[in-house]
Amino acid sequence: MKKGMIKTVAAGLMLTSILAGCSSGGAPQPTATKAGDAGAAPKGPVKVSVFVSGPGVPSPDKDPILQELNKALNMDLEFNVASSDYAQQLNVKVAGGTPPDIFEVNKTQLEELSKQGLLLDLGPYIDKMPNVKKTYTPEEMNKGKAGGKQYSLLKRGLQQQNSLWIRKDWLDKLGLQPPKTLDDFKKVLIAFTENDPDGNGKKDTYGLTGVGDFTPIHAFTPVYAAFGLPIPGNYMVENGKVVYSTLDPRTPQAIAYIAELIKLGVVDPELMANKGLKDQQKAFQGMAGVIYRAWGELAKDNYVADYKKINPNAEWVPVGALTGPGGTFSGFYDQGNAWSRIALPKSLEKKPEVLNKVLEYLNYITEPGEGQNLVNYGVKGKHYEIVNGEIKLLPAINEIAYSYQVQLTGRTEGSYLKTKFPNQAKVIDFTANLPVVKVYNGLISNPPGVVVDDKNRFEQEEIVKFMYGKRPLAEYSQFIDTLNKTYQLPLYLQEAEKSLKAAGYIQ
Amino acid sequence: MAKAIKSIRRYQALYLMLLPGLAYYAVYRYAPMWGSVIAFKDFNIVDGIWSSPWANPWYKHFAYFYNSPYFGQILANTFLISLYKIVWGMPPGIILAMLIYEVRHARFKKWIQTVSYLPHFLSWVIIYGMVFAFLSETNGIVNRWLKDYIFHTVPFLTSTDWFRTILVGSEIWQSAGWSAIIYLAALAGIDPTLYEAARCDGAGRLRMLWHISLPGIRSVIVLLLILKLGHILDAGFDQIYIMYNVHVYPVSDIIDTWVFRVGLEQLNFSLGAAVGLFKSLIGLLLVVSANRIARRWGEGVW
């Protein structure tokens, strides 16, 4: 009954709009647009809205990628980027019942929103996106899943980018070789601190600087790696079982080694307080000769120019993995690592023509779709050209420096980076191929009813105390007891086992 | 009653002008308070405020906060940092205002006033950059100097002994000039004949400061103190979040930073609301009792 009425009303409106169109000579009437919404087959471009976080894209009239997309797909794309408070803005839009047609979610949002039944299960629609089906590996598909269902698609990309970097000119000056083992590493740090590598007659240099946050670029990552470990607080799989790195008996050994380095005074004393790129600036200013960072922070042309300006002789080179008691590893890499994920709202089911357009759009911009080059390198002939089957960037590429934000389904990282940064191609391959310890944090959910941050804080605070000799390492087992009893670590491990079993990494 | 109606009618234009202000408070200050109800619910974005299920037991989110192993520590930190900021932070503003008031050269006075309140407009990110430039252990000016002359550096930013001092110190630097403005306004309102009379009786400048200026702004000082007590559980989230690091968590983690980390990680809006309610209740209690005490000295706000 109700449906029938809507149809009648729609037909009536359409009729009036036609009549109105006749009588007023084509001036757009408000009724006409209403009829268009209610009608089943709109003829004009389909409106699609996207909402992601990022520094921002140009306005539509200055956005060549957007214009090309609209032309190629007959759609009217509204591409919104939030430069701050993305999560709050998304919450408001979703809670207000007007979710964007495509939006970005992080792991927590993916889990929370899918639990609340707000996301569309993409499983049944993958067949409509042949490029996605072809290009996405099963692991990449898995990273978009929540509770076993395809509630989001991974934004493809990311590869190992971090390595140990060292001042080559300091090594040369002191007659040292790049470190290959953990012992070499210590010798280099001591020499950089004690032997005046900058030759100014003052003891004003340190061996190592970096950031102290417990992230993959933690300054001591290479030390833990040489012990065969990630930094504390990570989940590994060994012999088919979940192993929590903090509990591994090698961890206190690695900490003892780090404590010795700190006691020797060869480490930037403010390691834990370095924020942002502070450590990189210190390194560039010649205060330290070793740093663990991504190639982007040391090898990009502008940064090279930065440190050459301070000291024309300075030369930062990447160093391979260090060998230690745990093997040869340079760092650790999260198998669940995801750049970002995109999701569609559940309500899109009720708007089939928009949904179809969204699927067509996502398929188009995914490799090997024609749109992939467009979102990666801009307009052919204007921003890039193809010479002998290879992509060559034209100077106008600077116009589309924002393009990584419109790559909703991501890109194939290695070839993309090497095309965009031809000067750094060697370093990019070097770091991507370094041996790393595998961890699985990104695939593991937090157990319900715990305060994750309290556990993390306690864990990190105590480990820092051990590192800085403020708590004797002999108390490490007491530390683990507290972690188990007060902070409910066993719950986390159970949850980790459950998640990794579901993802097929353990049996 | 009849008298009241009569007076309302008599000043109806004034009451009419009051209306927009009342409406503002009703719409933007009182109505949103109903949202606090999510402190007692398991808030879910889809269901909205009213349809979200009630928390079971009702104090679930409060218990979450209370049972945190860090509850005692963050509460103590919040109170202490706030208290230090009030105790050490109010006198500089008052002293500065009285010093500026005593300056006789008008242009110099204006200049000092402008320069002293400018830091108020700097964001904490910038102030942290400046603090770092001065106090950093590796390349801060102060530590370089200490190293050259006493061969010993002080880890100002990573030591639990120093961190609160840095917090309070940078806060004073930022806000002393700004808070002096209100005291200056109060000083300007003191009857100049009092000073003349005092001068006739042979009082010096210090005597006049002590017996005229200070008592003259006493009510403003008490008013500001009461207002600050209301915010005693806001120890300065922006500042601390930007300045702290893992070494100094034990002395600097406050309620707001805790809620920010915990709430952000688990999208727990109900927890945030519960803690906000808890903070407001304590603040209200303090304001009411402080006002009671102040009234005994004849200085209350109401």
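Residues numbered from 1 in each chain as written. Chains lettered and ligands numbered in written order. Predicted model: local features only at pLDDT ≥ 70, side-chain atom pairs only at ≥ 80, totals over all residues. Heavy atoms only, no water.

**So, the packing of aromatic side chains**
Per the counting criterion, the structure on display carries 39 aromatic pairs over all chains. Between Phe458(A) and Tyr487(A) the ring centres are 4.6 Å apart and the planes differ by 15°, which places this aromatic pair in the stacked class. Of this pair, Phe458(A) sits in helix 19 (residues 452-467) while Tyr487(A) sits in the loop between helix 20 (476-485) and helix 21 (489-502), and the two are 29 residues apart along the sequence. Taken as a pair, Phe458(A) and Tyr487(A) share a single burial class, namely buried. We note Arg261(B) situated over the ring of Tyr249(B); from NZ or CZ to the ring centre the distance is 5.1 Å. (Phe/Tyr/Trp six-rings, centres within 6.5 Å; stacked < 30°, edge-to-face > 60°. Helix = DSSP H or I, 4+ residues; strand = E, 2+ residues; numbered from the N terminus. Buried < 20%, exposed > 50% of the residue type's maximum accessible area, 1.4 Å probe, protein only. Lys NZ or Arg CZ within 6 Å of the ring centre and 35° of its normal.)

**Describing the side chain of Thr419(A)**
Residues and elements named next belong to chain A. Assignment of secondary structure puts threonine 419 in helix 17 (residues 413-420). A distance of 2.6 Å separates a polar atom in the side chain of threonine 419 from the backbone oxygen of serine 415. In contact with threonine 419, other than residues within four places in its own chain, are Tyr377, Ile391 and Leu393. (Polar contact = N/O pair within 3.5 Å; in protein donor to acceptor, adjacent residues only side chain to side chain. Contact = heavy atoms within 4.5 Å.)

**Quick look at the confidence of the model for chain A**
Looking at chain A as a whole, the pLDDT averages 87, with 92% of positions reaching at least 70. Within the model, pLDDT remains below 50 along residues 1-40 of chain A, and this stretch shows 9 contacts once partners closer than five positions in the same chain are excluded. (pLDDT = per-residue confidence, 0-100.)

**Concerning the sheet that holds strand 5 (residues 162-167) of chain A**
Residue and element names in this part refer to chain A. Pairing is mixed across the open sheet formed by 4 strands, whose spatial order is 6-9-5-10. Because the sheet does not close on itself, it has two edges, and the strands there are strand 6 (206-209) and strand 10 (316-319). Taken pair by pair, the neighbouring strands of this sheet meet at an average axis angle of 25°, ignoring direction. Sheet analysis places strand 5 next to strand 10, joined by 4 bridges and oriented antiparallel. Of the residues in strand 10, the one forming a bridge with isoleucine 166 is valine 317. (Pairing = 2+ DSSP bridges. Axes fitted to C-alpha atoms, helices over the stretch in contact; angles between N-to-C directions.)

**Considerations on the environment of Leu408(A)**
Residues and elements named next belong to chain A. Relative to the elements of secondary structure, leucine 408 occurs in the loop between strand 16 (390-393) and helix 17. Residue classification places leucine 408 among the buried residues on the basis of a relative accessible area of 2%. Not counting residues within four places of it along the chain, the set of residues in contact with leucine 408 comprises Val50, Val52, Phe79, Ile102, Lys155, Ile342, Tyr361, Leu362 and Ile365.

**Re the interface of chain A and chain B**
Counting residues at the interface gives 37 residues for chain A, matched by 36 residues for chain B. Carbon and sulfur atoms supply 56% of the area buried between chain A and chain B, which totals about 3100 Å² over both sides. Linking chain A with chain B are 2 salt bridges. Residues Asp453(A) and Arg261(B) are paired through a salt bridge, measuring 2.7 Å at the closest nitrogen-oxygen approach. Breaking the side of chain A that touches chain B down by element, the ones donating at least two residues are helix 4 (86-95), helix 5 (107-115), helix 12 (278-284) and helix 19 of chain A. Tallying contributions element by element places helix 19 of chain A first for the side of chain A that touches chain B, with 9 residues. (Buried area = accessible area lost by both parts, 1.4 Å probe. Salt bridge = Lys/Arg side-chain N within 4 Å of Asp/Glu carboxyl O.)

**Re empty space enclosed by the protein**
Residue and element names in this part refer to chain A. Evaluated as defined, the whole model comprises 1 cavity of 30 Å³ or more. Taken as a whole, the largest cavity spans an internal volume of roughly 40 Å³. Contributing to the lining of the largest cavity are Asp63, Ile65, Leu66, Leu69, Leu77, Phe79, Tyr361 and Val406. Going through the elements one at a time, helix 3 (64-73) and strand 2 (75-82) are the ones with two or more residues in the lining of the largest cavity. By residue number, the principal contributor to the lining of the largest cavity is helix 3, which donates 3 residues. (1 Å grid on protein atoms, 1.4 Å probe; cavity = no way out; pocket = protein on both sides within 12 Å on 5 of 7 lines; lining within 4 Å. Points joined across faces, edges and corners; volume = space filled by probe spheres on them.)

**Re the pattern of salt bridges**
If you walk through the whole model with that rule in mind, you get 33 salt bridges over all chains. Between Glu360(A) and Lys357(A) there is a salt bridge, and its shortest N-O distance comes to 3.2 Å. In this pair, Glu360(A) and Lys357(A) are both assigned in helix 15 (residues 352-364), 3 residues apart and thus about one turn of the helix distant. Glu360(A) sits in the partly exposed class, given a relative accessible area of 36%. Assessed through its relative accessible area of 12%, Lys357(A) is described here as buried. Each of Asp453(A), Arg457(A), Glu461(A), Asp253(B) and Arg261(B) takes part in one network of salt bridges that share partners.

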